[in-house]
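The primary structure of each chain is shown beneath.
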Amino acid sequence: MPKLYDCDISGSCYKIRLFLNILDVPYDAEPVDFVSKAHKTASYLALNPFGGIPIFEDGDLRLRDAQAILIYIARKYDKSGSWFPEDARSQGQIAQWLSTGGGEVMNAAGARLVKVLNYPLDLAKLQAGANRVFGIMDAHLAGREFLELGHPTIADIACFPYTALAGEGGIDLAPYPNVLAWIERMKRLPGFISMPGICKA
């Protein structure tokens, strides 16, 4: 059975829990105490030298990075083939949002670390970066229900958690009605589960 090194307050870990639940894939969870910095201990760094969460193990395969894990799960466990289709065009369209979910959207994650866990980061800069990406996403979602292909893909899973958690970083999503509508659509997906800070629809 696959194993997820997990933290219930991590949006990056939640991406994986959410996708596994949507696909109805059973797995074992190994809790990682992020607040106590268990992900920086020698035993954890032996598994992932970058010291990040989550880690996903499946047989003899060990993967780090939430976006890479989403790709693997989609290709191995999505029988429909819709979450990360095989054609190059679709994969390119999705991959650009995987990059956004692990990149620019993480400004909102950083702002949340400042507001919730008192991390010594530049809050104003992080909030400005988050507002920039949410403005881009809002414009892109005008006339669209999901980020690409007209249906949910791992692009949406990658960008969803820290967008939905933006308020915990002091970021108001009210100026982005298309983003808010997309968040509500995501919450109505079959198999959707909540996490601290994100409730069901």
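Residues numbered from 1 in each chain as written. Predicted model: local features only at pLDDT ≥ 70, side-chain atom pairs only at ≥ 80, totals over all residues. Heavy atoms only, no water.

What about the packing of aromatic side chains?
And step 1. This structure, assessed with the given rule, holds seven aromatic pairs.
And step 2. Between phenylalanine 160 and tryptophan 182, the aromatic rings sit 6.0 Å apart at their centres with planes inclined by 75°, giving edge-to-face as the arrangement. Of this pair, phenylalanine 160 sits in helix 7 (residues 154-164) while tryptophan 182 sits in helix 8 (residues 177-187), and the two are 22 residues apart along the sequence. For the pair phenylalanine 160 and tryptophan 182, a shared accessibility class is recorded, and that class is buried.
And step 3. Each member of the aromatic cluster is reached from another via a ring pair, and the members are Tyr14, Phe160, Trp182 and Phe192. (Phe/Tyr/Trp six-rings, centres within 6.5 Å; stacked < 30°, edge-to-face > 60°. Helix = DSSP H or I, 4+ residues; strand = E, 2+ residues; numbered from the N terminus. Buried < 20%, exposed > 50% of the residue type's maximum accessible area, 1.4 Å probe, protein only.)

So, the nonpolar core
And step 1. Core analysis: the largest hydrophobic core is formed by 55 residues, its most contacted members being Phe134 and Trp182.
And step 2. Taken together, the elements giving at least two residues each to this core come down to helix 1 (11-22), helix 3 (66-77), helix 4 (88-102), helix 5 (106-117), helix 6 (123-140), helix 7 and helix 8.
And step 3. Among the elements that take part in this core, helix 7 stands out by supplying seven residues, more than any other.
And step 4. With sequence-adjacent residues up to four places away left out, tryptophan 182 is seen in contact with Met137, Leu141, Glu145, Phe146, Leu147, Asp156, Cys159, Phe160 and Thr163. (Core = buried A, V, L, I, M, F, W, Y, C linked by side-chain atoms within 4.5 Å. Contact = heavy atoms within 4.5 Å.)

As for the pairing of strand 3 (residues 55-58)
Along any regular strand the residues' side chains alternate between the sheet's two faces.
And step 1. Burial along strand 3 is two-sided: the face carrying Ile55 and Glu57 and the face carrying Phe56 and Asp58 are both buried.
And step 2. Here strand 1 (residues 3-6) runs beside strand 3; their pairing, made up of three bridges, is antiparallel. Bridge pairing in strand 3 links tyrosine 5 to isoleucine 55.
And step 3. Alignment of strand 3 against strand 4 (residues 61-64), held across four bridges, turns out to be antiparallel. Along strand 4, the bridge assignment pairs aspartate 58 with leucine 61.
And step 4. With antiparallel pairing between neighbouring strands as the criterion, strand 3 and strand 4 make up a hairpin whose turn holds two residues, including glycine 59 at a positive phi of roughly 65°. (Pairing = 2+ DSSP bridges.)

Description of the pairing of strand 2 (residues 28-31)
And step 1. Bridge count for strand 1 against strand 2 is four bridges, and the pairing is parallel. Bridge pairing links lysine 3 to aspartate 28 in strand 2.
And step 2. Read as a crossover between parallel neighbours, the route from strand 1 over helix 1 to strand 2 is right-handed. (Right-handed = clockwise from strand over helix to strand, strands pointing away.)

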